Amino acid sequence: MLASKRLQKELLKMHAHLPPGIDIVSTDDLKEWLMDIRVLDPNPLYQNEVYRLKFSFSKSYPIEAPEVVFVQDTNRPIPWHPHIYSNGIICLDLLDRQGWSPVHNVESICVSLQSMLTGNTKKERPPGDDNFVKYNTQRPRDINFLFHDNSV
């Protein structure tokens, strides 16, 4: 009940106004949304690219963070970034249990991810990406990442 009310409210606000570079793709239900983001500055790593995010909401949203991953399709790659695995899983404290706060919302997550990409200068994956993608069996919200690199 709390999740559906909050998501309906967020959706109304987003339909009225979204920051530049953020677009609603699909909000057919209150369990999963698709959003597109673009980096607006001239960062050559991300110039002219559009990235798709999948938000999955539990019944405990906004008390619990949504699960957010980048998804790949024919026109939307997974962005290269030292905190984004090649399967789309994002290592970001904002999405972690300890870093999440109910004051955040879909829009603020999109803006945070835009900012994270904007500041990046490294076309690389996190250390151990191949093994992580091959062997990880946990859902993104259940992974306990160690947040030690604030430079990207």
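We now turn to the structure provided with this report.

Here is what the cut-offs are and how they apply
- Residues numbered from 1 in each chain as written.
- Predicted model: local features only at pLDDT ≥ 70, side-chain atom pairs only at ≥ 80, totals over all residues.
- Heavy atoms only, no water.
- Helix = DSSP H or I, 4+ residues; strand = E, 2+ residues; numbered from the N terminus.
- Rg over C-alpha atoms; globule rule 2.2 N^0.38 Å.
- Buried < 20%, exposed > 50% of the residue type's maximum accessible area, 1.4 Å probe, protein only.
- Contact = heavy atoms within 4.5 Å.
- Areas by Shrake-Rupley, 256 points an atom, 1.4 Å probe, with all protein chains shown as cover.
- Lys, Arg positive; Asp, Glu negative; His and termini not counted.
- Charge placed at Lys NZ, Arg CZ, Asp CG, Glu CD.
- Pairing = 2+ DSSP bridges.
- Axes fitted to C-alpha atoms, helices over the stretch in contact; angles between N-to-C directions.
- Core = buried A, V, L, I, M, F, W, Y, C linked by side-chain atoms within 4.5 Å.

Before going further, it helps to spend a moment on the overall build of the protein. In terms of regular secondary structure, the protein is built from three helices and four strands. Beginning at the N terminus, the succession of helices and strands in the protein can be written as α-β-β-β-β-α-α. For 152 residues, the compact-globule estimate of 2.2 N^0.38 gives 15 Å, and the C-alpha radius of gyration of the protein, at 15 Å, lies within 12% of that figure. If one aligns the C-alpha atoms of the protein with their principal axes, the spans along those axes are about 40 × 35 × 30 Å. Per-residue burial for the protein yields a buried fraction of 45% across its 152 residues. For the protein, long-range pairs separated by at least 24 residues make up 62% of all intrachain contacts whose partners lie at least 6 apart in sequence. Roughly 8700 Å² of accessible area belongs to the protein as shown, and the carbon and sulfur atoms make up 51% of that amount. Averaging the locations of the 17 positively and 19 negatively charged side chains of the protein gives two centres separated by 5 Å.

Right, let's talk about the sheet that holds strand 4 (residues 67-71) for a bit. Sheet strands pair by backbone hydrogen bonding; their relative direction is either parallel or antiparallel. If you trace the four strands from one edge of the open sheet to the other, you get 1-2-3-4, paired in antiparallel fashion. The strands lining the two open edges of the sheet, one partner per strand, are strand 1 (22-26) and strand 4. Between one strand axis and the next, the sheet turns by 30° as a mean value, whatever way the strands run. As judged from the six bridges shared by strand 2 (residues 32-37) and strand 3 (residues 51-56), these two strands associate in the antiparallel manner. Each residue of the ladder has a partner; that of D36, found in strand 3, is R52. The strands that helix 1 (residues 2-16) touches are strand 1 and strand 2; relative to strand 2, the one it contacts most, it runs at about 30°.

Our next topic: the nonpolar core. Grouped together as the largest cluster of nonpolar side chains are 32 residues, with contacts concentrated most on I37, L53, F55, F70, I90, V106 and L113. Mapped by element, the contributors of at least two residues to this core are helix 1, strand 2, strand 3, strand 4 and helix 2 (106-118). Top element by residues in this core is helix 2. It accounts for six residues. The contacts of I37, once residues within four sequence positions are left out, are G21, I22, E49, V50, Y51, L53, F70, C110, L113, Q114 and L117. Ranked by size, the runner-up nonpolar core spans seven residues in total, among them V69, I89, C91 and F132.

Let us look at unusual backbone geometry. Residue P62 is reached from Y61 by a cis peptide bond, and omega for that bond is 10°. When you line up the elements, P62 lands in the loop between strand 3 and strand 4. With a phi close to 65°, N48 is a non-glycine residue in the positive phi region. Relative to the helices and strands, N48 resides in the loop between strand 2 and strand 3.

Let's shift gears to the pairing of strand 1. Bridge count for strand 1 against strand 2 is four bridges, and the pairing is antiparallel. The partner of S26 across the bridge, within strand 2, is L34. Connecting strand 1 to the next strand, strand 2, in antiparallel fashion are five residues.

As far as function goes, none of this settles anything; it's purely spatial.
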